Amino acid sequence: MLNRYGIPAPAALYLDETGELLEIPGIVTRFVDGSLLLDAPSDPVVWARKLAGTLANIHAIPCGAEEQEFLLKGNPEASWFLNSDGPPGYM
């Protein structure tokens, strides 16, 4: 979905939700051109503006019922650590 709107995100090639093939849940994605930022950006303001622009573009993507079908539900996914006895064994 992100790629259709020009967002530089890796395309998913394979999702092993149960860990049947990868032995733990995992995802295989395509390579995304770019470079790893190991040090502080040379111009933090320019870097922050580019990051903000990308985030704004992500949030501007129309997300109707059809697009939402595959999305995880944010609240349960983000808060399950709070409602459990810790991370599952595979983590």
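Residues numbered from 1 in each chain as written. Predicted model: local features only at pLDDT ≥ 70, side-chain atom pairs only at ≥ 80, totals over all residues. Heavy atoms only, no water.

The subject of this paragraph is the overall build of the protein. Helices and strands together make up the secondary structure of the protein, namely three helices and two strands. When the helices and strands of the protein are placed in sequence order, the string is β-β-α-α-α. Each of the 91 residues in the protein was classed as buried or not, and the buried ones make up 5%. For the protein, long-range pairs separated by at least 24 residues make up 29% of all intrachain contacts whose partners lie at least 6 apart in sequence. Summed over all atoms, the accessible surface of the protein reaches about 8,000 Å², with 58% contributed by carbon and sulfur. (Helix = DSSP H or I, 4+ residues; strand = E, 2+ residues; numbered from the N terminus. Buried < 20%, exposed > 50% of the residue type's maximum accessible area, 1.4 Å probe, protein only. Contact = heavy atoms within 4.5 Å. Areas by Shrake-Rupley, 256 points an atom, 1.4 Å probe, with all protein chains shown as cover.)

If you add up the space inside the largest pocket, you get close to 680 Å³. In terms of lining residues, the largest pocket is bounded by 18 residues, among which Leu15, Ile27, Phe70, Leu71 and Leu72 are the most central. Looking at the lining of the largest pocket, the elements that each hand over two or more residues are strand 1 (12-16) and strand 2 (26-29). Residues belonging to the lining of the largest pocket are distributed by class as follows: 14 nonpolar, two polar and two charged. (1 Å grid on protein atoms, 1.4 Å probe; cavity = no way out; pocket = protein on both sides within 12 Å on 5 of 7 lines; lining within 4 Å. Points joined across faces, edges and corners; volume = space filled by probe spheres on them. Nonpolar A, V, L, I, M, F, W, Y, C, P; charged D, E, K, R; others polar.)

Considering every residue of the protein, the mean pLDDT works out to 83; 87% of them sit at 70 or more. No element of the protein has a lower mean pLDDT than helix 3 (residues 74-79), which averages 71, and none a higher one than helix 1 (residues 44-59), which averages 94. (pLDDT = per-residue confidence, 0-100.)

Attention now moves to the environment of Leu2. Summarising the element assignment, Leu2 is placed in the segment before strand 1. Each C-alpha atom of the pair Leu2 and Ile58 lies 7.4 Å from the other, and the pair is 56 residues apart in sequence. Those residues within four positions of Leu2 in sequence are excluded, and the remaining contacts are Ile7, Ala9, Ile58 and Ile61.

Of note, Phe31 is situated in the loop between strand 2 and helix 1. In sequence terms Phe31 and Ala9 are 22 residues apart; their C-alpha atoms lie 8.9 Å from each other.

A word on a nonpolar patch on the surface. Taken together, the side chains of Leu2, Leu37, Trp47, Leu51, Leu55 and Ile58 define a hydrophobic patch exposed on the protein surface, amounting to about 500 Å² of accessible area. Assignment of secondary structure puts Leu37 in the loop between strand 2 and helix 1. (Patch = residues over 30% accessible without salt bridge, like charges linked within 9 Å, V, L, I, M, F, W, Y side chains within 5 Å. Salt bridge = Lys/Arg side-chain N within 4 Å of Asp/Glu carboxyl O.)

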